[in-house]
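# Coordinate analysis (summary)
One letter stands for each residue in the lines below.
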Amino acid sequence: MPIDINKIRSEFPILNQKIHGKDYVYLDNGATTQKPIQVIDAVSDFYKNTNSNIHRGVHHLSDLSTKAYEAVRSKVQNFINAEQEQEIIFTKGTTDSINLVAFSFGERYINTGDEIIISAMEHHSNLVPWQMLCERKGANLRVLPFNKNGELEMDKLPGLLNDKTKLLAVTHVSNSLGTINPVKEIIEQAHKANVPVLIDGAQSIQHSIIDVQDLDCDFYVFSGHKIYAETGIGVLYGKEKYLKEMPPYQGGGDMVDHVTLEKTTYLDAPFKFEAGTANYVGAVSLGVAIDYINDIGLKNIAEYEAELLQYATAELEKIEGLTIYGKAKHKTATISFLLDKIHHYDTGMILDKLGIAVRTGSHCTQPIMDFLDITGTVRASFAFYNTKNDVDRLVAGILKVKEMFA
Ligand code: PMP
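Residues numbered from 1 in each chain as written. Predicted model: local features only at pLDDT ≥ 70, side-chain atom pairs only at ≥ 80, totals over all residues. Heavy atoms only, no water.

## Details of the site of the ligand
Surrounding the ligand, one finds Thr-94, Thr-95, His-123, Ser-125, Thr-171, Asn-175, Asp-200, Ala-202, Gln-203, Ser-223, His-225 and Lys-226. Between an oxygen atom of the ligand and a side-chain N or O atom of Thr-95, the distance comes to 2.5 Å. Within the side chain of Ser-223, an N or O atom sits 2.7 Å from an oxygen atom of the ligand. When the ligand is considered free in solution it has 400 Å² of accessible area, and contact with the protein chains removes 85% of it. Grouping the amino acids of the shell around the ligand by side-chain chemistry returns one nonpolar, nine polar and two charged. (Near = heavy atom within 4 Å. Polar contact = N/O pair within 3.5 Å; in protein donor to acceptor, adjacent residues only side chain to side chain. Areas by Shrake-Rupley, 256 points an atom, 1.4 Å probe, with all protein chains shown as cover. Nonpolar A, V, L, I, M, F, W, Y, C, P; charged D, E, K, R; others polar.)

Structure (structure tokens):
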């Protein structure tokens, strides 16, 4: 079923405005996605009619708030096909989810001399927490490299997996290069060596159907704000067998079973990992965003975005002096590029003046930039509300930049 682009665009109010006097072209979806009116209205309605703190009230609205929050847990479970609801933990976002695992899994399972594998194309969020863990525990980080096209060098993986390997953490989709990594194959290989796998789903959850049981990943993490929901809400999926063993990450209200001044016992997962007042309104927004996406259909979204990627790549490749970074066979609709010797920042600034929002810099992936021997790129990242007209505007903008620097 083709997607109804006019209807969709009318549902994202922010897209229908002028920036610097020009129709707005938003191509920074890798950083955050815009919100449909359904999500915006649901948040407003919740504050108008339902708001009350969850889990500890006997009064009516507290009960409604709690039910709304827990209903989203079950919605997320279905959305990613987790086996059990208790395997869904609400966090602040991808970074928070990864830090939770790095601390908590680290406390339970990582010892001096152990090894953790990541790839060389990780977002800093899936790199720094593991470096911190290794420093804390005297463990070592091993790195799976990628090639000039931006594809992981899979033949190097068997050589990295050994008896000391305790975890492998890898991104499903690179936020800088757009590469879709062969995570199923990675998980299979890691499991053969008894190594659990964490998948950073920050850039995959919004572009493709995720089935954590089919992937057989041990952890999967994502952020609400990149999937059309509010900021400050995210998800950590973890297999029960690990969550049961992992100690809490933070202490406080809502995660305890019994507290005395001497000792505290904790609730089971997921509550053990949700200390303090949860972002229950954020969770509600995530539930509405999931409904919104399900209505359009992730399969339709993936097909539409693939067509946009193909068109955008072909059009950008026609521009003389433009280099695309990240030419993997399997990509999401994210294109990183540089123009002649023009600094990415200058290109981004001029595009902004033309009403076109792109991201410039290292995109929190400095090791990728080091590998490519550049300081950063211009990144255009697309969502299903973007159009071929947006691509044409980008191309015209780039030609204008070229003209100004000629
Ligand atoms: N991993 C990847 C691949 C990302 O793209 C991002 C966000 N750019 C993150 C992790 C971090 O997400 P957040 O800032 O929402 O925690």
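From this point, things continue past the structure.
## Focus: the domain arrangement of the protein chain
When the domains of the protein chain are assigned, the result is domain 1 (5-30 + 297-405) and domain 2 (40-294). In this assembly, 36 residues from domain 1 lie in contact with 33 residues from domain 2. Surface buried jointly by domain 1 and domain 2 totals about 2700 Å² across both partners, of which 59% is contributed by carbon and sulfur atoms. Summed over the shared surface of domain 1 and domain 2, the result is zero salt bridges. On inspection of domain 1 and its partner domain 2, the count reaches 18 residue pairs in polar contact (both at pLDDT 80 or more). Elements with a contribution of two residues or more to the side of domain 1 that touches domain 2: helix 11 (298-317), strand 14 (334-339) and helix 13 (366-372). Take the side of domain 1 that touches domain 2: its biggest share by element is six residues, from helix 13. (Domains from an automatic or database assignment. Contact = heavy atoms within 4.5 Å. Buried area = accessible area lost by both parts, 1.4 Å probe. Salt bridge = Lys/Arg side-chain N within 4 Å of Asp/Glu carboxyl O. Helix = DSSP H or I, 4+ residues; strand = E, 2+ residues; numbered from the N terminus.)

## Thoughts on helix 12 (residues 344-353)
Those residues of helix 12 that sit buried are His-344, Thr-347, Gly-348, Ile-350 and Leu-351. Projection of helix 12 onto a plane perpendicular to its axis shows the buried side chains occupying an angular sector of 165 degrees, all on one side. Contact partners of the buried residues in helix 12: strand 14, strand 15 (356-357), strand 16 (359-361), strand 17 (377-381) and helix 14 (388-405). Residue Gly-355 follows helix 12 closely and has a positive phi angle near 85 degrees. (Buried < 20%, exposed > 50% of the residue type's maximum accessible area, 1.4 Å probe, protein only. Arc of directions from axis to C-beta.)

## Description of the pairing of strand 7 (residues 165-171)
With six of its seven residues buried, strand 7 lies for the most part within the structure. Pairing between strand 5 (residues 115-119) and strand 7: four bridges, direction parallel. The partner of Ile-116 across the bridge, within strand 7, is Leu-167. Two strands pair when backbone bridges link them, and strand 7 and strand 8 (residues 197-200) are joined in this way by four bridges, in the parallel orientation. Counted as the bridge partner of Val-170 is Ile-199 from strand 8. Considered for its hand, the β-α-β crossover made up of strand 7, helix 7 (residues 183-192) and strand 8 is right-handed. (Pairing = 2+ DSSP bridges. Right-handed = clockwise from strand over helix to strand, strands pointing away.)

## Here's the deal with the sheet that holds strand 6 (residues 140-144)
On the basis of which strands lie adjacent, the open sheet formed by seven strands has the order 4-10-9-8-7-5-6 and mixed pairing. Two strands bound the open sheet, and with one partner strand each, they are strand 4 (88-91) and strand 6. Within this sheet the neighbouring strands show an average axis-to-axis angle of 20 degrees, counted without direction. (Axes fitted to C-alpha atoms, helices over the stretch in contact; angles between N-to-C directions.)

## With respect to the nonpolar core
The tendency in soluble globular proteins is for nonpolar side chains to be buried side by side. Counting residues in each nonpolar core, the largest one holds 100 residues, and the members touching the most others are Ile-80, Leu-168, Leu-286, Leu-316 and Phe-384. With ten residues, helix 10 (residues 280-296) is the single largest residue contributor to this core. Split by domain, this core shows at least three residues from each of two domains, domain 1 (5-30 + 297-405) and domain 2 (40-294). The contact partners of Phe-384, leaving out residues within four places of it in the chain, are Ile-3, Ile-5, Ile-8, Phe-12, Tyr-228, Tyr-292, Ile-296, Ile-301, Tyr-304 and Glu-305. Among the nonpolar cores identified, the runner-up in size contains 26 residues, and Ile-116, Leu-133, Leu-243 and Ala-269 belong to it. (Core = buried A, V, L, I, M, F, W, Y, C linked by side-chain atoms within 4.5 Å.)

## Structural notes on unusual backbone geometry
Here Ala-269 and Pro-270 are connected by a cis peptide whose omega angle stands at 5 degrees. Among the secondary structure elements, Pro-270 is positioned in the loop between strand 12 (264-266) and helix 10. The phi torsion at His-20 lies on the positive side, around 50 degrees, for a residue other than glycine. Inspection of the secondary structure puts His-20 in the loop between strand 1 (18-19) and strand 2 (22-23). Here the phi dihedral of His-363 falls at roughly 55 degrees; this positive angle occurs in a residue that is not glycine.

## Considerations on the pattern of salt bridges
In total, this model carries 24 salt bridges according to the counting rule given. The partner of Lys-318 in a salt bridge is Glu-315, and the shortest N-O contact between them spans 2.8 Å. Note on Glu-315: relative accessible area 17%, which makes it buried. Taking the shortest distance from any N to any O, the salt bridge between Asp-352 and Lys-353 comes out at 3.7 Å. For Asp-352, a relative accessible area of 28% corresponds to the partly exposed category. For Lys-353, a relative accessible area of 47% puts it in the partly exposed group. Among the ionic contacts, a cluster of salt bridges with common partners joins Asp-28, Arg-359 and Arg-379.

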